[in-house]
Amino acid sequence: MAIQAIAATMRAQEADATNLEVLLTLRVSHTNELEQAAALKYLYGWLRNHPKYGMLATADLSNSLYYADMSRLFNDAAQMSLEDDDVHIVFGVPYNLWREYDKAIASFQKVWNLKPHDYSLWNKLGATQANSVQSANAIMAYHKILLRSSMMYPDLQALD
């Protein structure tokens, strides 16, 4: 199923190679499939096509996407706009690829004040904590999702 989803999203990218949402979806899909090179390619594409950060992504980097290069680029982007939650969320996922879980957790925690009700953020945090052997913290993150969703959608409680 994941391969079909990636193929469908790649067709969307062929239709619009600069669509930031499609590039992020492909990055997440390839991250989930543990395809680091492909995930970094789409991460770089997101940065290169972003109206605010595109000037950071020079053409010479497109053929040599290494951890140090991507880390520097996203740190530069984060410094340009400290309040831009997208940079921290987008960059938190590759830290998982590189197994730098503490940095991924720190990236997601920076966003908490900006997007406290973003359930996908809490899910990313929980998954990162689970990967980093912080099971108790992961359970708390997932529990927070359930609590907040039950407050926003009280009809779900009737399904118990």
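Residues numbered from 1 in each chain as written. Predicted model: local features only at pLDDT ≥ 70, side-chain atom pairs only at ≥ 80, totals over all residues. Heavy atoms only, no water.

### Digging into the layout of surface pockets
For step 1, the next point in the chain: Of the volumes computed, that of the largest pocket is approximately 530 Å³.
For step 2, the next point in the chain: In this structure, the largest pocket is lined by 27 residues; those nearest its centre are R27, V28, V93, F108 and K124.
For step 3, the next point in the chain: Elements that contribute at least two residues to the lining of the largest pocket include exactly α2 (20–32), α5 (85–97), α6 (101–111) and α7 (119–131).
For step 4, the next point in the chain: Partitioning the lining of the largest pocket into residue classes produces 12 nonpolar, eight polar and seven charged.
For step 5, the next point in the chain: Roughly 150 Å³ of volume is contained in the second largest pocket.
For step 6, the next point in the chain: For the second largest pocket, the lining is made up of 13 residues, of which N75, H88, Y95, S107 and K110 are closest to its centre.
For step 7, the next point in the chain: Counting residues per element, the ones that place at least two in the lining of the second largest pocket are α4 (67–80), α5 and α6. (1 Å grid on protein atoms, 1.4 Å probe; cavity = no way out; pocket = protein on both sides within 12 Å on 5 of 7 lines; lining within 4 Å. Points joined across faces, edges and corners; volume = space filled by probe spheres on them. Helix = DSSP H or I, 4+ residues; strand = E, 2+ residues; numbered from the N terminus. Nonpolar A, V, L, I, M, F, W, Y, C, P; charged D, E, K, R; others polar.)

### Some details on the packing of α6 against α7
For step 1, the next point in the chain: The N-to-C vectors of α6 and α7 enclose an angle of 160°; their axes lie 10 Å apart at closest approach. Taken together, α6 and α7 sit at an angle that is classed as roughly antiparallel. In terms of crossing hand, the pair formed by α6 and α7 is left-handed. Mapping the contact onto sequence places Y101, A104, I105, F108 and V111 in α6 and L121, K124, L125, T128, Q129 and N131 in α7.
For step 2, the next point in the chain: Of the residues assigned to the contact of α6 with α7, the class counts are seven nonpolar, three polar and one charged. (Axes fitted to C-alpha atoms, helices over the stretch in contact; angles between N-to-C directions. Parallel < 35°, antiparallel > 145°, perpendicular 65-115°, else oblique. Left-handed = near helix turned anticlockwise from the far one by under 90°. Contact = heavy atoms within 4.5 Å.)

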